[in-house]
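Listed below are the residues making up each chain.
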Number of protein chains: 2
Amino acid sequence: MEIKVTLAQTNRTRPQDSALGFGNVFTDHMFVMDYSKDNGWHDARIEPYADFSVPPSAMVFHYGQAIFEGLKAYKTPDKKICLFRAKDNFERMNRSAKGLCIPQIDVDFVMDAMKKLIKLEEKWIPETLGTSLYIRPTIIATDPFLGVRASYTYKFFIILSSVGAYYADGLNPVKIWVEKEHVRAIRGGMGEFKTAANYAASLFASEEAKKNGYDQVLWLDGIERKYIEEVGAMNIFLLIGDELVTPILNGSILPGITRYSVISLAKKWGMNISERKISVEEVFKAHEDGKLTEIFGSGTAAVISPVGEIRYGDKVISIGDGTPGETAMKFYNALTDIQYGKAEDTENWLEVIG
Amino acid sequence: MEIKVTLAQTNRTRPQDSALGFGNVFTDHMFVMDYSKDNGWHDARIEPYADFSVPPSAMVFHYGQAIFEGLKAYKTPDKKICLFRAKDNFERMNRSAKGLCIPQIDVDFVMDAMKKLIKLEEKWIPETLGTSLYIRPTIIATDPFLGVRASYTYKFFIILSSVGAYYADGLNPVKIWVEKEHVRAIRGGMGEFKTAANYAASLFASEEAKKNGYDQVLWLDGIERKYIEEVGAMNIFLLIGDELVTPILNGSILPGITRYSVISLAKKWGMNISERKISVEEVFKAHEDGKLTEIFGSGTAAVISPVGEIRYGDKVISIGDGTPGETAMKFYNALTDIQYGKAEDTENWLEVIG
């Protein structure tokens, strides 16, 4: 399929790196293609970033049939543009698509389209360490129809956003609220897919956590409400004695690409890494026994995010001394060194596109 | 707040009643208002039905912060326009709003706005029994922002659709697929709110059911996967011996307004009505014992929908003789007689607006 390119009449200016936040500065162009039963994915185009014209009856507004991905392009010191495990994102997008009855995309084609778009938008990639070009591929259901069924038409788009560090406080440890009442996802539900529903389900508890002075919610399993699952914006790792533990994928946890990368590095480094069920009780017991030395999150947005405090009902524990733990920093440095082209890409995770 | 009215330049023609389906014919105008932190709900207007201009980064596309309602206006034989328990819908919408961190609406104001819109669109209300004007109030999150949090801006809109009977086959009994693997909602989740997420979560199993020749999915509880919950588009009632049973609201079941109406009528008629937990095992046992005489669904779209067959794994049972059961018909007739102004509105459910 050919990609038609329509250039923007005026090109805006990228804000200074120091002024960048997360996800509010968009570039001059976007990639869009449409799907219909008769034509499959068609009308692929790069065009000026602009509002979509969407009927009030579009199914995405009513029935949430929408999936997305989040990945980043990095500028290396020698001005190369690099992508980190990008193909894994589009493969996950196809798994999400299947779960939401959305037609599959051609991974190689959308990879090419994305690279073409990024090269066109090169000036939007900030260069300071920690900054990047955030890439948001999205698919939404567009049938103008109020009956409940999978849509017959869809829009796929990729928008780009120049971003600073995800957490405004940088790598300062975050405070995590273990949610006792609300549930994000459940086995047999949508939790393993990157779909709008999971984020909608997270809002109420997240606001509660914020009101109580906590940055993020740690979700428990929806059945026994005993086992820790994920933090919504990231997966979670705990260093207990010499064991690095992360909850095993169970259908209600998003299979994070940074999560896989941490596991790979841990194995390579000869660490004692486990994917297993871990209860919140075990976490607090390990702390009591003095064995819980670090907790950190992993995700595309923040890469690695050390956790300094956890609250579960009335119980509050502090982890570490208020600075990022040694293990968290080791993973953060190793991953960002690969992403920014400062270390050898021994795992073959990087793709240079310009 | 004043409602500014802008009339459409050209008025389209309503299709013949016999040509109407569900949710694909929209009227000439809609009601819209916007929300911002500084101005609250503002800019209330009735304007020509048209596409919205929505940024690709609008939060509703990514994080599913969206709620809606579904209700109907009916034309009586003496040409009055009637609403059925409409205020209950907007009160439920406010409960959904709370659950999704969406600002509350002024129920009296939106009721008035809706009535004004319906009167303007009177010619779009079909008059044949079973047809109606379907009303879809909706709220979507509109911040152009990719961080995960509740949006600061929203759009509320009401669109209207001339509809025929929800099920093309009319009151012919439907076939129901009891879903063993997928879960719609769970205690502590979004199930009791009318939000996009629940419908997204229902698509995969619904498509599977359709492929197997079934019309709808009957969802089980997400924890034990033993207790029946609802059918996605409707709540469910079972007549076992002389007991009319419907699953008790538990946080993962939508509190249907037609469900409440059936319960009220059942009580008024002196029936033995129970809201309680009921396992799928009990349903099959009751059938085996010859005590399960009827199953029917209740919902705004279909009003009452008799169930003629249920499949659970390899087990299939037929209920009734292929025609709607006596109890289902009694509720259907009582409710539609009230809705179409053919019977006295003893419960004070009807509101005449023109």
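The model shown is predicted, which means the values in this text are computed figures rather than measured ones. (Residues numbered from 1 in each chain as written. Chains lettered and ligands numbered in written order. Predicted model: local features only at pLDDT ≥ 70, side-chain atom pairs only at ≥ 80, totals over all residues. Heavy atoms only, no water.)

> It is not clear to me how the domain arrangement of chain A should be interpreted in this structure. Could you clarify?
By a widely used convention, the size of an interface equals the accessible area lost when the partners come together. Residue and element names in this part refer to chain A. As assigned here, chain A comprises domain 1 (4–163) and domain 2 (174–339). Computed from C-alpha coordinates alone, the two centres of domain 1 and domain 2 are separated by 27 Å. Carbon and sulfur atoms supply 63% of the area that domain 1 and domain 2 bury against each other, a total of about 1700 Å² over both sides. In this assembly, domain 1 and domain 2 are joined by zero salt bridges. (Domains from an automatic or database assignment. Buried area = accessible area lost by both parts, 1.4 Å probe. Salt bridge = Lys/Arg side-chain N within 4 Å of Asp/Glu carboxyl O.)

> Mind showing me how you'd approach helix 5 (residues 203–211) of chain A here?
Given 3.6 residues per helical turn, the α-helix brings residues three or four places apart onto the same face. Residue and element names in this part refer to chain A. For helix 5, the complete set of buried residues consists of Leu203, Ala205 and Ala209. Viewed end-on, helix 5 has its buried residues packed into an arc of 165°, placing them on one side of the element. In the segment just after helix 5, glycine 213 is the residue with positive phi, at about 90°. (Buried < 20%, exposed > 50% of the residue type's maximum accessible area, 1.4 Å probe, protein only. Helix = DSSP H or I, 4+ residues; strand = E, 2+ residues; numbered from the N terminus. Arc of directions from axis to C-beta.)

> Please clarify how the packing of helix 6 (residues 257–268) of chain A against helix 8 (residues 326–339) of chain A should be interpreted in this entry.
Helix-helix packing is characterised by the crossing angle of the two axes and by the distance between the axes. Residue and element names in this part refer to chain A. The contact between helix 6 and helix 8 brings their axes to 11 Å, and the two run at 110°. Comparing their axes, helix 8 and helix 6 come out roughly perpendicular. Of the residues in helix 8, those in contact with Thr258, Ser261, Val262, Leu265 and Ala266 of helix 6 are Phe331, Ala334 and Leu335. Of the residues contributing to the contact of helix 6 with helix 8, the split by class is six nonpolar, two polar and no charged. (Axes fitted to C-alpha atoms, helices over the stretch in contact; angles between N-to-C directions. Parallel < 35°, antiparallel > 145°, perpendicular 65-115°, else oblique. Contact = heavy atoms within 4.5 Å. Nonpolar A, V, L, I, M, F, W, Y, C, P; charged D, E, K, R; others polar.)

> Sorry, what's going on with the environment of Tyr199(B) here?
One can find Tyr199(B) in helix 4 (residues 196–200). Judged by its relative accessible area of 5%, Tyr199(B) falls in the buried class. Taking the C-alpha atoms as reference points, Tyr199(B) and Val163(B), separated by 36 residues in sequence, lie 20 Å from one another. Among all residues touching Tyr199(B), those that are not within four sequence positions of it are Tyr63(A), Val148(A), Phe68(B), Lys194(B) and Gly232(B).

> How should I be thinking about the interface of chain B and chain A in this particular structure?
In this assembly, 61 residues from chain B lie in contact with 61 residues from chain A. For the interface between chain B and chain A, the tally reads zero salt bridges. Across the contact surface, chain B and chain A share 18 residue pairs in polar contact (both at pLDDT 80 or more). Mapped by element, the contributors of at least two residues to the side of chain B that touches chain A are strand 4 (52–54), helix 1 (59–63), strand 5 (66–68), helix 2 (86–99), strand 8 (132–141), strand 9 (154–163), helix 4 and helix 5 (203–211) of chain B. Here the side of chain B that touches chain A is composed, by residue class, of 37 nonpolar, 15 polar and nine charged. Pairing geometry for strand 4 (residues 52–54) of chain A and strand 4 of chain B, over three bridges, is antiparallel. Counterpart to Phe52(A) in the pairing with strand 4 of chain B is Val54(B). (Polar contact = N/O pair within 3.5 Å; in protein donor to acceptor, adjacent residues only side chain to side chain. Pairing = 2+ DSSP bridges.)

> Sorry if this is basic, but what is going on with the UniProt feature "modified residue: N6-(pyridoxal phosphate)lysine" (unreviewed entry) in chain A here?
All names here are of chain A. Per the UniProt record, "modified residue: N6-(pyridoxal phosphate)lysine" (unreviewed entry) is annotated on Lys194. Relative to the elements of secondary structure, lysine 194 occurs in the loop between strand 10 (174–178) and helix 4 (196–200). With relative accessibility at 11%, the residue lysine 194 sits in the buried group. Beyond its immediate sequence surroundings of up to four residues, lysine 194 is in contact with Ala66, Ile67, Phe68, Glu69, Gly70, Arg92, Ser96, Tyr199 and Leu254. (UniProt positions renumbered as here; feature names shortened; annotations may be inferred.)

> Would you mind showing me how to read the packing of aromatic side chains here?
Residues and elements named next belong to chain A. Enumeration according to the criterion identifies 39 aromatic pairs over all chains in this entry. Ring geometry for phenylalanine 284 against tyrosine 312: centres 5.9 Å apart, planes inclined by 45°, an arrangement best described as tilted. Of the two residues, phenylalanine 284 is situated in helix 7 (residues 280–288) and tyrosine 312 in strand 16 (residues 303–312); the sequence distance between them amounts to 28 residues. According to the relative accessible area criterion, phenylalanine 284 is buried, its value standing at 8%. Members of the aromatic cluster, connected to one another through ring pairs, are Phe31, Tyr35, Trp41, Phe109, Tyr154 and Phe156. The ring of tyrosine 260 carries arginine 259 above its face, with NZ or CZ at 5.8 Å from the centroid. The ring of tryptophan 269 carries the charged tip of lysine 330 above its face, separated from the ring centre by 4.3 Å. (Phe/Tyr/Trp six-rings, centres within 6.5 Å; stacked < 30°, edge-to-face > 60°. Lys NZ or Arg CZ within 6 Å of the ring centre and 35° of its normal.)

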